[in-house]
Amino acid sequence: MFLRSQLRDGGRVPASVQPYFFLSYAHTPRFGAGGPDPDMWVERLFRDLCSHVMALTDLPAGAEAGFMDREIRSGEGWSERLGAALATCRVFVPLFSPRYFASEMCGKEWYAFAQRAIHQGALSNQPAEAIVPALWVPVPPTQLPGPAERLQFNHNTFGERYVTDGLYGLIKLRGYAEQYERAVYELAKRIVRVAETVRLEPVRPLDYRGVPSAFGPTGSSPARSLHVTVAAASRHDLPDGRSPEYYGDSALEWNPYHPVAQRPIAYVAEDLVKNLNYQTSLGSFDDEAGHYDSKQPPTRPEILLVDRWVVEDEHRRQRLAAFDQESRPWVNVVVPWNRYDHQSRAKETELARRLEETLPVKMGQGRAACRAAANGVANMETLGQILPQVVEAAAQQFLRHAQVYLPAGSTHTERPRLLGPMGMNGPPVPPPAPFPPDTLGGHNDGNDNDTDRGDADDSES
C-alpha cells in the first residue's frame, strides 16, 4: 500500500492521511462470546469528537479528523499504521481509566507521542505539550503514573458531573445526555485549541512494537527514581580554543547538539527519563565526584552524561578515572557527540581515545546498547531511541546490587524483597532488544556484536 511504502522509504506521511487527533483507550473485554461489544460507547465518543472537530476546523472533506486503532489492531500492517498515526497526529487524547494505566499497549502509545513532543521541545526550547486527557472513568490521583500526574489539565471546565462520573457514566445514563454533549463539545474545542497553538511537527514513525511503556513495567511502582549526572565544563573554564557556544554557566547547561537543538542535554534527558515513569533528579559531576562510595549499596540507578572534552581538563580527567575504578555497574555512561561540531570532529579520534583510557570499565561494560551509547550518540533523535535501553539496563543492575530486606515477620525461607526509592518488588523485567550500534554516531571501537556482556561487570562486586 502507499502508506506502507512511505514508511519503508523513511518518508513523511502525506497530509491527507494525517489524523487531527489520536484517541488512545484501553479495550474492555467482552463478558462472553456473542455478547455486546463494550467498546461501542468509545466508538460513539470517537464519532462525536470527529464531528465536532470537522465543524470547528477547516479540514477538507475526506480528511481524517481522528484515529482510533480498534479496526486494525489485529490486522495486517496494524503496527505501521499505528506508528504513522502517532508520528503525524496533532493531538494525543488518552481516555483515563484504571484499565488504561494497566495497559502496556496504551503506555506504548503515550510514550511514542510524548517522545515526539520532547524532541520538538528540545529543538525549539519551547514546551510542546499536545496531550489532552479525557476522563473515561475517574481515576484517583494516587493511581496516576508520573507522566499523567504531571499533566497540567483542569477537568472541571467540562462540567461537574463529568468530573464525578466520567464520559462513560454520562454516555451510559440517559438522564445525563445534556452533560455528555457539553463535555464532548468542550473536549473537542480543547483539542482544536491545542492543535492550533502547539503545531507539533510530523516525524519519522517509530517501530511501535519496540518502544517501551510510559507507565513503566507492569506492576512497577510510580516511586521509581533515577539520577542524571553531567560531566562537562561551563563556559567559564573551557580548554583553550574550545568554543563557548555549546556551554552555559554550569555543566547542566551544556548543549552538545547546538545549534540544531536549543535545550540543554541534561533537561532533554530528564524529560526522556520521566517519560519512562521515573522520578528524576539532576546533578553536576563536579559537585558529586567526591560523594561516591562503592562500599555503600546504591539508592537508585544513574546515568552519567559525559562531554569528551572534559579529558582536556586534567583535574576532571583524574576524578573520572577514579570514579571508573569504583564498582558501580548501576551507573551507565552516555556520550552525546555532535559530528557537525567542527572542533569536536577535528579532535574526535584523540578525545575518544583519551576518554577510553580514562573510563575503560564504563566504556566496555553492559549490553550492546550501553556500549554503543558510551561510544558516542550522534544526534537528538538517536538519543531518544537509545536512552530508554540504557536506563532500563541501569535499573536492572540496581536491582541486582541494591540492599534487600526481609519483610517484617517473615522467615528466612521467604524470598527477600527490595525496598527503597525504586519501589520495585519481584524479578527484574527483561530489557528491550539492543539498539543497533551501526545506527549510532561517534567513535567505534570495532566491537559491534550484540553479545550480551551485561553480567560481566557483576564480577566486580
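Cut-offs and rules
Residues numbered from 1 in each chain as written. Predicted model: local features only at pLDDT ≥ 70, side-chain atom pairs only at ≥ 80, totals over all residues. Heavy atoms only, no water. Axes fitted to C-alpha atoms, helices over the stretch in contact; angles between N-to-C directions. Helix = DSSP H or I, 4+ residues; strand = E, 2+ residues; numbered from the N terminus. Parallel < 35°, antiparallel > 145°, perpendicular 65-115°, else oblique. Left-handed = near helix turned anticlockwise from the far one by under 90°. Contact = heavy atoms within 4.5 Å. Nonpolar A, V, L, I, M, F, W, Y, C, P; charged D, E, K, R; others polar. Buried < 20%, exposed > 50% of the residue type's maximum accessible area, 1.4 Å probe, protein only. Pairing = 2+ DSSP bridges. Right-handed = clockwise from strand over helix to strand, strands pointing away. Salt bridge = Lys/Arg side-chain N within 4 Å of Asp/Glu carboxyl O. Phe/Tyr/Trp six-rings, centres within 6.5 Å; stacked < 30°, edge-to-face > 60°. pLDDT = per-residue confidence, 0-100. Core = buried A, V, L, I, M, F, W, Y, C linked by side-chain atoms within 4.5 Å.

K.L.:
Please explain the packing of helix H5 (residues 104–124) against helix H16 (residues 380–401) as it appears in this structure.
P.N.:
In a packed pair of helices, the relevant descriptors are the angle between the two axes and the axis-to-axis distance. Interaxial distance between H5 and H16 falls to 10 Å at its minimum, and their mutual angle equals 140°. As summarised for this structure, H5 and H16 are arranged oblique, according to the angle between their axes. Between H5 and H16 lies a crossing whose hand is right-handed. Counted together, Tyr111, Gln115, His119 and Ala122 of H5 and Met380, Glu381, Gly384, Gln385 and Pro388 of H16 form the full contact between these two elements. Looking at side-chain class alone, the contact of H5 with H16 contains four nonpolar, four polar and one charged residues.

K.L.:
When you look at helix H3 (residues 78–88) in this model, what are you seeing that I'm missing?
P.N.:
At 3.6 residues per turn, the α-helix brings residues three or four places apart onto the same side. The element H3 is extensively covered by neighbouring structure, given that eight of its eleven residues are classed as buried. Of all the positions in H3, only Ser79, Leu82, Gly83, Ala84, Ala85, Leu86, Ala87 and Thr88 are classed as buried.

K.L.:
What should I look at first to understand the pairing of strand E6 (residues 279–284) in this one?
P.N.:
Regular strands show a simple pattern: their side chains alternate between the two faces of the sheet. Bridge count for strand E5 (residues 225–231) against E6 is six bridges, and the pairing is parallel. Its bridge partner being in E6, Val228 is matched across the sheet by Leu282. Viewed along the sheet, the connection from E5 through helix H9 (residues 265–274) into E6 turns out right-handed.

K.L.:
Even after reading the chapter, I still don't get the sheet that holds strand E7 (residues 302–306), so can you show me in this structure?
P.N.:
To summarise the sheet geometry, strands pair through backbone hydrogen bonds and adopt either a parallel or an antiparallel arrangement. Sheet architecture is open: four strands sit in the order E6-E5-E7-E8, paired in parallel fashion. In this open sheet, the two strands that pair with only one neighbour each are E6 and strand E8 (331–334). Strand after strand, the sheet turns through a mean of 20° between neighbouring axes, direction not considered. In this fold H9 packs onto E5, E6 and E7, with an angle of close to 160° to the strand it touches most, E6.

K.L.:
Looking at this structure, I do not really get the pattern of salt bridges. What am I missing?
P.N.:
With the rule as written, the count across this model stands at 22 salt bridges. The salt bridge partner of Arg224 is Glu392, with a shortest N-O separation of 3.9 Å. Of this pair, Arg224 sits in the loop between helix H8 (177–198) and E5 while Glu392 sits in helix H16, and the two are 168 residues apart along the sequence. Judged on exposure class, the residue Arg224 and its partner Glu392 are both buried. Among the salt bridges present, the one from Lys347 reaches Glu350, with a minimum N-O distance of 3.9 Å.

K.L.:
What am I meant to see in unusual backbone geometry here?
P.N.:
Each neighbour pair has its own omega, and for His258 with Pro259 the value is 5°, a cis peptide bond. As for its placement among the helices and strands, Pro259 is situated in the loop between E5 and H9. With a phi angle near 60°, Asn125 is a residue other than glycine that sits in the positive phi range. By the secondary structure assignment, Asn125 is in the loop between H5 and strand E4 (134–135). The phi angle at Arg199 is positive, at roughly 55°, despite the residue not being glycine.

K.L.:
I'm lost on the sheet that holds strand E2 (residues 66–67) in this one. Help?
P.N.:
Strand order in the open sheet made by the four strands is E2-E1-E3-E4, with parallel pairing throughout. Only two strands of the sheet have a single partner each, and these edge strands are E2 and E4. Strands in contact with H8 are strand E1 (21–24), strand E3 (91–96) and E4; relative to E3, the strand with the most contacts, it is inclined by about 145°.

K.L.:
Could you clarify how one ought to interpret the packing of aromatic side chains in this entry?
P.N.:
One pair of aromatic rings is described through two measures. These are the centre distance and the angle between the planes. Enumeration according to the criterion identifies 15 aromatic pairs in this entry. Both rings, one in Phe92 and one in Trp110, keep their centres 6.1 Å apart while their planes meet at 75°; by these two values the pair is edge-to-face. Highlighted residues: Phe92 in strand E3 and Trp110 in helix H5, separated in sequence by 18 residues. Of the two residues examined, Phe92 and Trp110, each falls in the buried class. Considering the side-chain rings of Tyr100 and Phe101, the 5.3 Å spacing of their centres and the 90° angle between planes classify their relative orientation as edge-to-face.

K.L.:
Got a minute to help me understand the confidence of the model for the protein chain in this structure?
P.N.:
Low pLDDT means the predicted atomic positions in that stretch should not be read closely. Mean pLDDT over the protein chain stands at 83; residues scoring 70 or higher make up 78%. Contacts from residues 1–16, a stretch scored under 50 in pLDDT, to residues over four places away or in other chains number 21 contacts. Predicted confidence for residues 420–439 stays below pLDDT 50, and this span has 41 contacts to residues more than four positions away or in other chains.

K.L.:
Any chance you could explain the nonpolar core here in plain terms?
P.N.:
Generally speaking, soluble globular proteins have nonpolar side chains that are buried together. Residues Phe21, Trp110 and Leu167 are the most contacted members of the largest nonpolar core, which totals 124 residues. The element that contributes the greatest number of residues to this core is H16, accounting for ten residues. Ignoring any residue separated from it by four or fewer positions in sequence, one finds Leu167 in contact with Leu45, Ala134, Leu135, Trp136, Tyr162, Tyr180, Ala183, Val184 and Leu187.

K.L.:
What is the right way to look at the environment of Asp307 in this model?
P.N.:
Its place among the elements puts Asp307 in the loop between E7 and helix H11 (314–325). You can call Asp307 buried: its relative accessible area is 3%. Spatially, the C-alpha atoms of Asp307 and Asn255 are 9.8 Å apart, while their sequence positions differ by 52 residues. For Asp307, the contacting residues outside a window of four places in its chain are Ala231, Ala232, Tyr247 and Trp254.

K.L.:
Could you clarify how one ought to interpret the environment of His52 in this entry?
P.N.:
Assignment of secondary structure puts His52 in helix H2 (residues 40–56). Every residue in contact with His52, bar those within four places of it in the chain, is listed here: Glu181, Val184, Tyr185 and Ala188.

K.L.:
Help me out: how do you make sense of the pairing of E3 in this one?
P.N.:
Burial runs high along E3: six of the six residues are buried. Both faces of E3 are covered, namely the face carrying Val91, Val93 and Leu95 and the face carrying Phe92, Pro94 and Phe96. As paired strands, E1 and E3 are joined by four bridges and run parallel to one another. Within E3, the position partnered with Phe22 by the bridge is Phe92. As paired elements, E3 and E4 share two bridges and run parallel to each other. Paired with Phe96 across the strands is Leu135, a residue of E4.

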